[in-house]
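Topology and contacts: notes
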Amino acid sequence: MGYSGFRVLKEGLFGQKGWKPVWRDPDPNPEYDVIIIGGGGHGLSTAYYLAKNHGITNVAVLERGYLGGGNIGRNTTIVRANYFLQGNSEFYSHSLKLWEGLEHELNYNVMHSQRGLINLFHSDGQRDAFVRRGNSMVNQGDDAILLDREGVRKHLPYLDFDNHRFPVYGGLYHPRGGTARHDAVAWGYARGADRRGVDLIQNCEVTGIDIQNGKVTGVQTSRGAIKAKKVAMVVAGRSSQVAAMAGMRLPIESHVLQAFVTEGLKPVIDHVVSFGMGHFYISQSDKGGLVFGGDLDFYSSYAQRGNLPMVEHVMEAGMSLMPMIGKAKVLRSWGGIMDMSPDGSPIIDKTHVDGLFLNCGWNYGGFKAVPASGWCLAHLMATGKPHDVAAKYRLDRFETGRSIMDEEGKGSQHNLH
C-alpha cells in the first residue's frame, strides 16, 4: 500500500475505510534463517536492510512487548552528524545521508526536519574544542559553521546571552542536523520489512538462547522454541540481560535518560539548541511542544522513569539558557534505558558464539544511528565482514585497547559518561 496526498484526500472523503493494517501479525514459524531479538529502531532497520540489501527475507523480529515500545519512542528525536573522532565521524555521516533519503526510501513520512542544530560554547576553551570538531566534520564531508556571539544572536535571539555564570561566546552550527518523529521511524521500517517478507512477532519474549558446540541454533521464547542459523541481540538497555543468556558479560551499564515535553506553543524555537555548560538540549515539535532533556540519572536502572533531582537539574539548565521557557507547563516525561559503554561508543560485532551477533552500547547516540546501525549490522550478518563505517566498533577493543574511542573525552570509566 503506497501513501500519497491523493490517497489521504480520497480516504478522508470516504470515511477512512480503505486503509489496511500497516504490517501483518503472524505466528512464529518453527525455524528462520535469521532471528533479531528486539523490535526497536535498530532491530527493525536491520531486518529491513537484510531483506532489501542482501535478499535475506526468512527473518523474524522478536519483540517482548509492542514494536517501538522501547528507546525508539523514548528519546528527544535529534538527528545529527557532528561527531569528532574517527570511527564515529564516518559512521554518523553515513547515517545522516540515509536519513536524508529515508522518507522516499520507505514511502513513509518520518517527519525528518533538517532545521539545523547549534551547539553553544561559553568559554575560550570550548570555542577551541568546537573549532576542532567543526574542522573534523568538514573534513568528513559534513557541514559545520562557526558562529560568533552575534551570529548566534541572529539565529537564537531569545537566549540569555549575558548570563553571568555561562555567557554565550558563540556556537557551532550544523545546518543539516534536526529532528524526526521517533514513532514514525519505527513504523516506517516495520512496514518496509513486512512488505519484504519479514515476520514481525510482538508479545514474544526471548527467555533463552540455544547454543550447541559453540554455535547458535535458536532461541527459547514465551511462544515456544524457534530455530535459527543466525541470531542478533539488538535490545539497547537490556543488552546485558539478553547477552547473559549466551553466557556473556558485557562492558555495559544501563542508566536512565529522562526527556520532557511541554504544552503546545506557537512556533518559537526554529533549531535544535544544545547548552554547552549544562548538558541541556531543546527543540520544538511539530505539535508545538518543547522537547528537551539533559544528563543521565547517574545510577544503574532498568526503569523507564527517572528521579526528581535530575528533573530539577534539567529545568535549572533550561532556565539558565532561556528563561522564557519558565512559563511553559510540562505535560509529561519519560525515560529511556541507555546502554552505556566505557568509551562512549557503540558495539556492532560478532560474538564468541558462531552465528550470534551483538548491537549495543549506543550511549547518547542511539536514535540518530538507527539507519546506519541497521545497514551495518545487516552487512555484517550477511557477509561476515564489518562494514567500512563500523569497522572500529569491535567488541574486543575493551580487552586489547585497540582503536579505543572516547567521544565524550572523559576516559574509559562508566561513571563519567
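Coordinates for the structure precede this section.
Since this is a predicted model, take the numbers as computed values, not measurements.

Of note, Pro-323 is situated in the loop between helix H9 (308-321) and strand E16 (330-340). Separated by 165 residues in the primary sequence, Pro-323 and Tyr-158 have C-alpha atoms spaced 8.7 Å apart. In contact with Pro-323, not counting residues within four places along its chain, are Asp-160 and Gly-318.

A few words on unusual backbone geometry. Phi is positive for Gln-16, close to 55°, though the residue is something other than glycine. Even without a glycine there, the phi angle at Asn-363 is positive, about 50°. Tracing the backbone through its elements, the reader meets Asn-363 in the loop between strand E18 (356-360) and helix H10 (370-383).

A grouping of Leu-9, Leu-13 and Phe-14 is seen on the molecular surface, where their side chains present a nonpolar patch of about 380 Å² in accessible area. Examined against the element boundaries, Leu-13 turns out to sit in helix H1 (residues 5-13). Overall, the relative accessible area of 62% leaves Leu-13 in the exposed class.

Attention now goes to the packing of helix H3 (residues 88-100) against H10. Look at H3 against H10: their axes get within 7 Å of each other, and the N-to-C directions meet at 105°. One way to sum up the angle between H3 and H10 is to call them roughly perpendicular. On H10, the residues that touch Phe-91, His-94, Ser-95, Leu-98 and Trp-99 of H3 are Val-370, Pro-371, Ala-372, Ser-373, Trp-375 and Cys-376. Here the contact of H3 with H10 is built from residues that sort into 8 nonpolar, 3 polar and no charged.

The buried fraction of strand E6 (residues 170-174) is high, at 5 of 5 residues. Taking every second residue as pointing to the same face, both faces of E6 are buried, with Gly-170, Leu-172 and His-174 on one and Gly-171 and Tyr-173 on the other. Pairing of strand E4 (residues 117-121) with E6, which is carried by 5 bridges, proceeds in the antiparallel orientation. Opposite Leu-117, over in E6, you have His-174 as the bridge partner.

Attention now goes to the packing of aromatic side chains. Applying the stated rule across the entire model yields 14 aromatic pairs. The interplanar angle of 65° and the centroid separation of 5.6 Å between the aromatic rings of Tyr-48 and Tyr-189 together place this pair among those described as edge-to-face. Within this pair, whereas Tyr-48 is found in helix H2 (residues 41-54), its partner Tyr-189 is found in helix H7 (residues 182-195), the two being separated by 141 residues in sequence. Residue classification places Tyr-189 among the buried positions, given a relative accessible area of 0%. Aromatic pair Tyr-83 and Tyr-92: ring centres 3.9 Å apart, planes at 5°, arrangement stacked. Members of the aromatic cluster, each reached through a chain of ring pairs, are Tyr-83, Phe-91, Tyr-92, Trp-362 and Tyr-393. A cation over an aromatic ring shows up here: Arg-153 above the ring of Phe-161, its NZ or CZ 4.3 Å from the ring centre.

With mixed pairing, 8 strands are arranged side by side in an open sheet as E5-E6-E4-E13-E14-E15-E12-E16. Every other strand in the sheet has two partners, leaving strand E5 (145-148) and E16 as the edge strands with one partner each. Neighbour-to-neighbour, the strand axes of the sheet open up by a mean angle of 20°, direction not taken into account. Direction of pairing for strand E12 (residues 253-264) relative to strand E15 (residues 289-300): antiparallel, over a ladder of 7 bridges. Its bridge partner lying in E15, Ala-259 is registered against Gly-293. Seen against the sheet, helix H5 (residues 124-140) touches E4, E5 and E6 and runs at an angle of roughly 150° to E4.

Our next topic: the pattern of salt bridges. Pairing is possible between side chains that carry opposite charge, provided their charged atoms lie close to one another. The tally for this structure, following the rule as stated, stands at 19 salt bridges. Ionic pairing is found between Asp-33 and Lys-229, a salt bridge with its closest N-O pair at 3.1 Å. Of the two residues, Asp-33 sits in strand E1 (residues 31-37) while Lys-229 sits in strand E11 (residues 224-233), which places them 196 residues apart along the sequence. What makes Asp-33 partly exposed here is its relative accessible area of 28%. Of the charged contacts in the structure, one is a salt bridge between Asp-286 and Arg-115, with a shortest N-O distance of 3.8 Å.

Criteria and thresholds
Residues numbered from 1 in each chain as written. Predicted model: local features only at pLDDT ≥ 70, side-chain atom pairs only at ≥ 80, totals over all residues. Heavy atoms only, no water. Helix = DSSP H or I, 4+ residues; strand = E, 2+ residues; numbered from the N terminus. Contact = heavy atoms within 4.5 Å. Patch = residues over 30% accessible without salt bridge, like charges linked within 9 Å, V, L, I, M, F, W, Y side chains within 5 Å. Areas by Shrake-Rupley, 256 points an atom, 1.4 Å probe, with all protein chains shown as cover. Salt bridge = Lys/Arg side-chain N within 4 Å of Asp/Glu carboxyl O. Buried < 20%, exposed > 50% of the residue type's maximum accessible area, 1.4 Å probe, protein only. Axes fitted to C-alpha atoms, helices over the stretch in contact; angles between N-to-C directions. Parallel < 35°, antiparallel > 145°, perpendicular 65-115°, else oblique. Nonpolar A, V, L, I, M, F, W, Y, C, P; charged D, E, K, R; others polar. Pairing = 2+ DSSP bridges. Phe/Tyr/Trp six-rings, centres within 6.5 Å; stacked < 30°, edge-to-face > 60°. Lys NZ or Arg CZ within 6 Å of the ring centre and 35° of its normal.

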